[in-house]
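# Breakdown of the fold
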Amino acid sequence: MAPLQLAGMVRIAPGEQPILRTSEECRALQMERGAFEKSVHAAIRCVDCHREAKVLPHPQRMTRARCGDCHPQAAEAIGQGMHNPDKVPPGRRAPVCADCHGLAHEVKPIRSPRAYDQARSEALACMSCHDRVESKVNHAATYRENVHGLALFQKGLSVAATCADCHGAHKVLPASNPQSPVYPAGVPDTCGKCHAGIEEVYFTSVHGRHLLEGKENAATCTSCHNSHGIGPVNSEFHGAIVQECSTCHEKLGESYLRSYHGKATTLGGSMTAVCSSCHGAHDILPASDPASRVAKANLVKTCSQCHERVNANFVKYITHVNFHDRARFPQVYYTWLIMTTLLLSVLAVFLPHGLMWFQRSLVDRLRNPRGYHTAPSGERWILRFHWVHRLTHFLIVVSLMGLVVTGFPLKYSYTHWAQRIADLLGGSHVLGLMHRGFAVVTFAYAAVHLSFLGWFFLTRCPRPRWRYLVGPDSLILSLRDLKEFIAMVRWFLWLGPRPRFGRWTYFEKFDYWGEIWGIFLI
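Residues numbered from 1 in each chain as written. Predicted model: local features only at pLDDT ≥ 70, side-chain atom pairs only at ≥ 80, totals over all residues. Heavy atoms only, no water.

### Points about the overall build of the chain
Within the chain, the secondary structure is distributed over 25 helices and two strands. In summary, the chain has a C-alpha radius of gyration of 40 Å against a globular reference of 24 Å for 522 residues, an excess of more than 25%. For the C-alpha atoms alone, the extent of the chain along its principal axes is close to 135 × 60 × 35 Å. A buried classification covers 24% of the 522 residues belonging to the chain. By sequence separation, contacts in the chain at least 24 residues apart represent 55% of the contacts at least 6 residues apart. For the chain, the accessible surface area stands at approximately 36,000 Å², while carbon and sulfur atoms represent 62% of it. (Helix = DSSP H or I, 4+ residues; strand = E, 2+ residues; numbered from the N terminus. Rg over C-alpha atoms; globule rule 2.2 N^0.38 Å. Buried < 20%, exposed > 50% of the residue type's maximum accessible area, 1.4 Å probe, protein only. Contact = heavy atoms within 4.5 Å. Areas by Shrake-Rupley, 256 points an atom, 1.4 Å probe, with all protein chains shown as cover.)

Written out as structure tokens, the structure is:
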């Protein structure tokens, strides 16, 4: 059409100046016929949207076409949602239809099933605005990196959930609004649109029942999986389960972390049982429910998922034990109390004992440097230990140091140095294997010692044999040991001479029975 003919289609009101548009503005008023013919609006006439053009010539500037004239339900939904221009914070522009659907002349139909380009366009439309929103969390960035975003952008799956699948399209409401699809009570239904089977199982669980009962603190999908930060169910997710469950079950989380399972998980063990390993994930039921995985009748089956040859005695293991609770766990409480008292008592006596001995020995060594390397005049050194004794002591040192190196990281798993040692030695699983290996060494030297005692007592023990049971050659603690202890303390404090001991000193006897006590407990 000639320029003069085009100009004749525009009406200039009396006293109005002609509007001179730039080339870019003129091109913006044009459309490609091919794109329009492929759009969802191809069947409607131009004047159905641009109604002021029904009578020519039309005004120089016509009122912008309103999508709500043809789509009143969508317009009403937008007015109720967060994208309503009146609800948008100052300084921010409210999105218009074209921001999400594209130019009116190129709007593509929404197909079912959804095509990949449609799903991608939906996500990018939301991200174009929310990627710039100033907040503590950039939801666009977290979505791009979560399991849904990776499925869409990297794997090309058109069925991946986009923003509109969870938040809705036109009536986007804040999560605090009960009508929002992402309101906690509505989350299972929202996720269930894609995960229908899991939703069905969830509503049979204790969490689903609580939600149906109207309990506001009932755990839903996003309580465990998060929302925009949802990730794949892998080893990283496995390690974070305890923290997720502990946000609601704080006391149980603390008792779990005190157990072997908890300590091994803290050290990065990927094969260790976590909450879901025993209680299940979407099908969690209380222990009183016969169908629960942790019901007494089902414990053998549950534990057999990880352990071999599980029997009724095995499942008596107390998982969430609190050794400070005397009423519920008296055996554990008194065991903890006795061992803690014993440990503190030994430290209270022998720590000062060692320090006082050190200062007295240091002074003696400085006064007589060679006195520790030569026998006093008129005396001689003798070989005190049999080769079996020396072998036993060597195995004790190897076993003790090995058990400490492999056991302390588990005991203090929450510390940085423990995790470093665990990583250096190959993780909690390898630590467990090594710890058992050193335990075998412990039982080996115990067997060697007992065998030697039996052989010596029957074949080499001088008469009378009672001397080695209750006499001066005995390792049994006696009144003489108490007297020697008092005399030793007096020597430490420069109040008397150093006592002369018999065959065994009181501290040697204490060390011996301490070792026997430890093996007995193991």
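### Let's talk about the nonpolar core
Nonpolar side chains in soluble globular proteins generally cluster together in the buried interior. Counting residues in each nonpolar core, the largest one holds eight residues, listed as Ala119, Ala123, Met127, Ala140, Tyr143, Ala151, Leu152 and Ala160. A total of three residues in this core trace back to one element, the largest contributor, which is helix 7 (residues 116–130). Not counting residues within four places of it along the chain, the set of residues in contact with alanine 140 comprises Met127, His130 and Asp131. (Core = buried A, V, L, I, M, F, W, Y, C linked by side-chain atoms within 4.5 Å.)

### Some words on the packing of aromatic side chains
Summed over all chains, the structure comprises 19 aromatic pairs. The interplanar angle of 40 degrees and the centroid separation of 5.6 Å between the aromatic rings of phenylalanine 452 and tryptophan 455 together place this pair among those described as tilted. Of this pair, phenylalanine 452 and tryptophan 455 both sit in helix 23 (residues 428–460), three residues apart, which is roughly one turn of the helix. Taking relative accessible area as the criterion, tryptophan 455 reaches 38% and is therefore assigned partly exposed. (Phe/Tyr/Trp six-rings, centres within 6.5 Å; stacked < 30°, edge-to-face > 60°.)

### Some remarks on a nonpolar patch on the surface
On the surface, a nonpolar cluster with roughly 770 Å² of combined accessible area is contributed by Tyr334, Leu337, Ile338, Met339, Leu342, Trp517, Phe520 and Leu521. Counting residues per element, the ones that place at least two in the nonpolar patch are helix 20 (330–367) and helix 25 (506–521). Looking at the nonpolar patch element by element, the count peaks at five residues for helix 20. Tracing the backbone through its elements, the reader meets tryptophan 517 in helix 25. (Patch = residues over 30% accessible without salt bridge, like charges linked within 9 Å, V, L, I, M, F, W, Y side chains within 5 Å. Salt bridge = Lys/Arg side-chain N within 4 Å of Asp/Glu carboxyl O.)

### Considerations on the packing of helix 21 (residues 387–411) against helix 22 (residues 416–425)
Viewed as axis vectors pointing N to C, helix 21 and helix 22 meet at an angle of 125 degrees, and their least axial separation amounts to 8 Å. As judged from the angle between their axes, helix 21 and helix 22 are oblique. Here helix 21 runs over helix 22; the crossing is left-handed. Between helix 21 and helix 22, the contacting residues are Val405, Phe408 and Pro409 on the first element and Trp417, Ala418, Ile421 and Leu425 on the second. Counted by class, the contact of helix 21 with helix 22 contains seven nonpolar, no polar and no charged residues. (Axes fitted to C-alpha atoms, helices over the stretch in contact; angles between N-to-C directions. Parallel < 35°, antiparallel > 145°, perpendicular 65-115°, else oblique. Left-handed = near helix turned anticlockwise from the far one by under 90°. Nonpolar A, V, L, I, M, F, W, Y, C, P; charged D, E, K, R; others polar.)

### With respect to unusual backbone geometry
A cis geometry characterises the amide bond from leucine 56 onward to proline 57, with omega recorded as -5 degrees. By secondary structure assignment, the location of proline 57 is in the loop between helix 4 (46–49) and strand 2 (58–59). Backbone geometry at arginine 309 places phi at a positive 55 degrees, although glycine is not the residue there. The phi torsion at tryptophan 494 lies on the positive side, around 65 degrees, for a residue other than glycine. Along the chain, the position of tryptophan 494 falls in the loop between helix 24 (479–492) and helix 25. With a relative accessible area of 40%, tryptophan 494 lands in the partly exposed category.

### Brief notes about the pattern of salt bridges
Enumeration according to the criterion identifies 12 salt bridges in this entry. For lysine 215, the salt bridge goes to glutamate 213, with nearest N and O atoms at 3.7 Å. Take glutamate 213: its relative accessible area is 56%, and that puts it in the exposed class. The residue lysine 509 makes a salt bridge to aspartate 481 at a minimum N-O spacing of 2.9 Å.

### Section: helix 21
The terminal C-alpha atoms of helix 21, which comprises 25 residues, lie 35 Å apart, in line with the 36 Å expected from a rise of 1.5 Å per residue. Along helix 21, the sharpest kink reaches roughly 25 degrees, centred on valine 405 and followed within four residues by the proline proline 409. For helix 21, the complete set of buried residues consists of Val388, Thr392, Leu395, Ile396, Ser399, Gly402, Leu403, Thr406, Gly407 and Pro409. Residues of helix 21 that are buried in the fold lie against helix 22, helix 23 and helix 25. (Expected span 1.5 Å × (residues − 1). Bend = angle between axes of the 7 residues up to and from the residue.)

### A closer look at the confidence of the model for the chain
Any region with low pLDDT has predicted coordinates that should not be read closely. Chain-level statistics for the chain give a pLDDT mean of 87 and a share of 95% at 70 or above. Mean pLDDT per element in the chain: helix 1 (residues 3–7) is the minimum at 60, and helix 19 (residues 299–303) is the maximum at 95. (pLDDT = per-residue confidence, 0-100.)

### Examining the packing of helix 20 against helix 25
Two elements in contact, helix 20 and helix 25, have axes separated by 14 Å at closest approach and are oriented at 155 degrees. The angle between helix 20 and helix 25 falls in the class roughly antiparallel. Crossing angle aside, the handedness with which helix 20 passes helix 25 is left-handed. Mapping the contact onto sequence places Met339, Leu342, Val346, Phe350, His353 and Trp357 in helix 20 and Tyr506, Phe507, Phe510, Trp517 and Leu521 in helix 25.

### Things to note about the side chain of histidine 261
Its place among the elements puts histidine 261 in helix 17 (residues 260–266). Among all residues touching histidine 261, those that are not within four sequence positions of it are Tyr256, Thr272, Ala273 and His307.

### Considerations on the state of the cysteines
Following the criterion strictly, the structure yields zero disulfides and no others. In this model cysteine 97 remains outside any disulfide bridge; the closest cysteine sulfur is found in cysteine 67, 3.7 Å from its own. Between cysteine 245, a cysteine without a disulfide, and cysteine 275, which holds the nearest cysteine sulfur, the sulfur-to-sulfur distance is 3.8 Å. (Disulfide = S-S within 2.5 Å.)

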